[in-house]
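Chain residues, written in single-letter form:
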Amino acid sequence: MNADEMKKQAAWAALEYIKGDGIVGVGTGSTVNHFIDALATIKGRIEGAVSSSEASTKKMQDLGIQVFDLNECNEIEVYVDGADEANPFLELVKGGGGALTREKIIAAASQQFVCIVDSTKQVDILGKFPLPVEVIPMARSYVAREIVKLGGQPVYRDGVVTDNGNVILDVHNMDIMEPIKMEKTLNDIVGVVTNGLFAMRPADVLLVGSENGTETVYAKS
């Protein structure tokens with residue numbers, strides 16, 4: 001079984017968490033694309049979805065799923081999204097696809113966050129995957145210098161503009177031992193919109209696709 005098949009396995013397992021008939025929060029990325037395919041099979045019993053990216057919005061609309069603006073919704077029962085890394089506390093690194101800000105907003109607005117990954121995304125310590133930081137364009141160099149002071153090596157993601165019109169710095173060479181503290185520290189740098197650490201609002205459940213089936217993981221206490 002290859003990585004894509006494991007992603008698909010986890011994505012389809014997430015359908016079990018769509019209990020009601022309301023609006024589902026939907027993330028971005030290759031694993032989520034499988035989830036959108038799965039969601040389309042039950043589109044008749046949900047009201048619609050809220051999307052974290054233009055790419056996910058288009059895919060859902062093409063499949064006949066109605067997409068709402070988050071401002072139109074009172075609450076989201078469940079948000080389903082992937083991750084680039086997940087530690088045993090279900091703290092995540094996200095943003096490889098560049099949609100981290102909208103993903104973080106929808107996660108915060110949702111009662112339950114179901115994260116879907118293949119087994120290669122599980123790590124003991126976050127940081128091997130470069131940490132994305134979304135930055136106001138004029139602040140790029142200043143923010144990069146401040147990140148260097150924190151011990152990271154920021155690299156401009158050349159040619160990438162987020163759906164919000166901003167740029168991304170990918171921070172290399174950081175072992176993130178205290179994810180919540182680092183998330184707050186990065187967000188306090190003037191010019192940072194947000195960063196790809198989902199530690200203050202981690203996942204509630206992790207569905208891990210593997211060669212042995214889909215494993216359900218809850219945060220380590």
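Because the structure is predicted, anything quoted here is derived from the model rather than measured.

### Topic: unusual backbone geometry
One non-glycine residue, L90, adopts positive backbone phi at about 60 degrees. Counting through the fold element by element, L90 comes out in the loop between β5 (85-86) and β6 (92-93). The phi torsion at N173 lies on the positive side, around 60 degrees, for a residue other than glycine. If you trace the backbone, N173 turns up in the loop between β10 (167-172) and α6 (179-187).

### Description of helix α3 (residues 54-62)
Inspection of α3 places S56, T57 and M60 among the buried residues, and these make up the whole buried set. One side of α3 carries all its buried residues, which in axial view fall inside an arc of 105 degrees. Summarising the geometry of α3, the exposed residues directed more than 90 degrees from the buried face are A55, K58 and D62. Elements that come into contact with the buried residues of α3 comprise β1 (23-26), α2 (30-40), β2 (48-51) and β3 (67-68). Downstream of α3 by a residue or two, G64 has a phi angle that is positive, lying close to 85 degrees.

### Some points on the pairing of strand β4 (residues 76-81)
Moving residue by residue along a regular strand, the side chains alternate between the two faces of the sheet. Extensive coverage of β4 is indicated by the burial of 5 of its 6 residues. Sheet analysis places β1 next to β4, joined by 2 bridges and oriented parallel. Across the sheet, residue V26 finds its bridge partner in β4, namely V80. In this structure, β4 lies alongside strand β7 (residues 110-118), joined through 5 bridges in parallel fashion. Paired with I76 across the bridge in β7 is S110.

Conventions and cut-offs
Residues numbered from 1 in each chain as written. Predicted model: local features only at pLDDT ≥ 70, side-chain atom pairs only at ≥ 80, totals over all residues. Heavy atoms only, no water. Helix = DSSP H or I, 4+ residues; strand = E, 2+ residues; numbered from the N terminus. Buried < 20%, exposed > 50% of the residue type's maximum accessible area, 1.4 Å probe, protein only. Arc of directions from axis to C-beta. Contact = heavy atoms within 4.5 Å. Pairing = 2+ DSSP bridges.

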